[in-house]
Amino acid sequence: MIRTRFAPSPTGFLHIGGARTALFSWAFARRHGGQFILRIEDTDLERSTQASVDAILDSMRWLGIDWDEGPAFQMQRLPRYRAVADQLIAGGHAYPCWASREELDTMRETQRAKGEKPRYDGRWRPERAMADGRVAPSDRAPVIRFRTPDHGTVGWNDLVKGPIEFPNAELDDLVILRADGVPTYNFGVVVDDLDMQMTHVIRGDDHVNNTPRQIHIFNALGAALPLFGHVPMILGADGERLSKRHGAVSVTQYRDEGYLPEALNNYLARLGWSHGDEEVFSMAQFIEWFDLQHVSRSPARFDTEKLDWLNQHYIQRADDTRLAHLVAPLLLAMQIDSAAGPKLSAVVALLKDRATTIQHLAQAATLFYVEPSMDQQQRVTHLNQTVRPALLALRTELAALAHWDRATLSAAIKKVLAETKLKMPQLAMPLRVLLTGREQTPAIDAVLELLGRDVVLSRLDRALAEVISS
Ligand code: GLU
């Protein structure tokens, strides 16, 4: 059974890059009828927060990336890491090291001065410590270091990048357990990937340099290796690594800016992976198509315009009631009570074709709930002598209509146009401005229908009264 995982560190929101890694790992498991496990790597005690855990879980739920096991928290597994470290010590693969920070600093400075690459020199390897007559101090606990092979190479066939190999001489004896018993990333990840029976480790390629160290630990434990696939990172439009400078980078921020989860998912799926020319597809379709061979080896560039285009696509196709539920709280935040106007689902139905985000949709919807006011300049421009008689005629027509629907309203407008010899824009524009305060609205008959007879007539009356009295 294929088992993959997503293992975020809860030191911030769920970043777009993290979400994409999660999506790929999840889709891979789902594609093969496997399992997807969520693990929280919370060993950075200073930077890990509950708020981040909550934000990560919220974001995953919102995107619909569901997990079969977890979340497992590393900090709840400390005894297990200690036990595995002891096992490695017993097998001669790890050893306690008492080197103090000052000592390590001096070591590195000396190496630098000699033009060497700074690295731990193995002074507490048991045979060396013994030969050098080093005695374990009793006043402090040691860290545990992994004994990296001195010679040879370590490599793997990366599922995305192909064969990768490192000379062991480049790797020093890394700390696997800190003095306080908290594992370092490279150790915790191996123990967990092993215990959680991971078959595939799919993660960002910022971890490529860690993989050789992890492979050594797997080997020392006599464990079979999982397969590794490292996904290239995401760059901003300027080619720099995607960061806050580029705008929204967290999933929650995209949600709050009015993106739909299906749009973000679809967008992220195509970021560094492709299936022919397919651009728009559902998650079910993505799962069916997803493979690691088609993950690009080079970094993907974030393209906000494309995301907006996808979001618009999904908004156009979204259910009106759902959109109304999303828009209502945004209106409320603008102190607008949508209950006191036309039905919100009818309003969004009319507006959704042109909205890029839910925020835009809410902004556009305000025209149906806010009393417009015209300034003097607008009155002079739009309510001129030619138009006034037509508006009066229209008022009379509208007041007498037996039905209030688009077709009837459109017929009434055409009748007035014929009588007054005006062209559609000559009447529609002033009507727009006086009814909504805007020059751009959906089709005028649709606007009239939604506003309703009472509102339309009273706004017409007020505007006409204002011109006459000014
Ligand atoms: N906690 C690591 C991170 O957030 C996980 C890396 C991995 O998947 O092994 O980058």
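Reference entry: report on the structure contained in this document. Here the structure is a predicted model, which means the values were calculated and not measured.

A few words on the overall build of the chain. The secondary structure content of the chain amounts to 20 helices and 12 strands. In terms of C-alpha radius of gyration, the chain reaches 32 Å, well past the compact-globule figure of 23 Å for 470 residues. Within the span of the chain, comprising 470 residues, buried residues form 50% of the whole. For the chain, long-range pairs separated by at least 24 residues make up 74% of all intrachain contacts whose partners lie at least 6 apart in sequence.

Our focus in this paragraph is the layout of surface pockets. Its volume calculated, the largest pocket comes out at about 1200 Å³. Lining the largest pocket are 38 residues, with Pro8, Ser9, His15, Gly18 and Asp206 positioned closest to its centre. When contributions to the lining of the largest pocket are tallied by element, the ones reaching two or more residues are strand S1 (3-6), helix H1 (16-31), helix H6 (185-195) and strand S9 (200-204). In terms of residue count, the dominant contributor to the lining of the largest pocket is H1 (4 residues). For the lining of the largest pocket, a count of residues per class yields 15 nonpolar, 12 polar and 11 charged. Each pocket or cavity is described by its volume, and for the second largest pocket that value is around 290 Å³. As for the second largest pocket, its lining consists of 15 residues, of which Ala99, Ser100, Arg101, Leu104 and Val143 are closest to the centre. Among the elements of the structure, helix H4 (101-113) and strand S5 (143-146) are those that each provide at least two residues to the lining of the second largest pocket. Of the residues that constitute the lining of the second largest pocket, the class distribution is 9 nonpolar, 1 polar and 5 charged.

Following Gly70, the chain continues to Pro71 via a peptide bond in cis, the omega torsion being 5°. Look at Gln197: it is not a glycine, yet its phi comes out positive at around 55°. Relative to the helices and strands, Gln197 resides in the loop between H6 and S9. The phi dihedral of Gln335 is positive, around 65°, even though this residue is not glycine.

Once that is clear, we can look at the site of the ligand. Taken together, Arg5, Ala7, Pro8, Ser9, Glu41, Tyr185, Val189, Arg203 and His207 make up the full set of residues adjacent to the ligand. Within the side chain of Ser9, an N or O atom sits 2.9 Å from a nitrogen atom of the ligand. Contacts to the ligand include Glu41, whose side-chain N or O atom sits 2.6 Å from a nitrogen atom. Alone, the ligand offers 300 Å² of accessible surface; in the complex the protein occludes 80% of this. Assessed atom by atom at 2 Å from the grid points, the ligand resides in the largest pocket. Across the shell around the ligand, the residue classes tally to 4 nonpolar, 2 polar and 3 charged.

This paragraph deals with the sheet that holds strand S3 (residues 69-73). Judged by pairing direction, the sheet is parallel, and its 3 strands sit side by side in the order S1-S2-S3 without closing on themselves. Edge positions in the sheet fall to S1 and S3, since each of these pairs with one other strand and no more. Averaged over all pairs of adjacent strands, the angle between strand axes in this sheet comes to 25°, irrespective of strand direction. Sheet topology note: the strand S2 (residues 35-40)/S3 ladder contains 3 bridges and is parallel. Paired with Ile37 across the two strands is Glu69, which belongs to S3. In the packing of H1 onto the sheet, the strands contacted are S1 and S2, and the crossing angle to S1 comes to about 165°.

The rules behind each value
Residues numbered from 1 in each chain as written. Predicted model: local features only at pLDDT ≥ 70, side-chain atom pairs only at ≥ 80, totals over all residues. Heavy atoms only, no water. Helix = DSSP H or I, 4+ residues; strand = E, 2+ residues; numbered from the N terminus. Rg over C-alpha atoms; globule rule 2.2 N^0.38 Å. Buried < 20%, exposed > 50% of the residue type's maximum accessible area, 1.4 Å probe, protein only. Contact = heavy atoms within 4.5 Å. 1 Å grid on protein atoms, 1.4 Å probe; cavity = no way out; pocket = protein on both sides within 12 Å on 5 of 7 lines; lining within 4 Å. Points joined across faces, edges and corners; volume = space filled by probe spheres on them. Nonpolar A, V, L, I, M, F, W, Y, C, P; charged D, E, K, R; others polar. Near = heavy atom within 4 Å. Polar contact = N/O pair within 3.5 Å; in protein donor to acceptor, adjacent residues only side chain to side chain. Areas by Shrake-Rupley, 256 points an atom, 1.4 Å probe, with all protein chains shown as cover. Sits in = over half its atoms within 2 Å of the grid points. Pairing = 2+ DSSP bridges. Axes fitted to C-alpha atoms, helices over the stretch in contact; angles between N-to-C directions.

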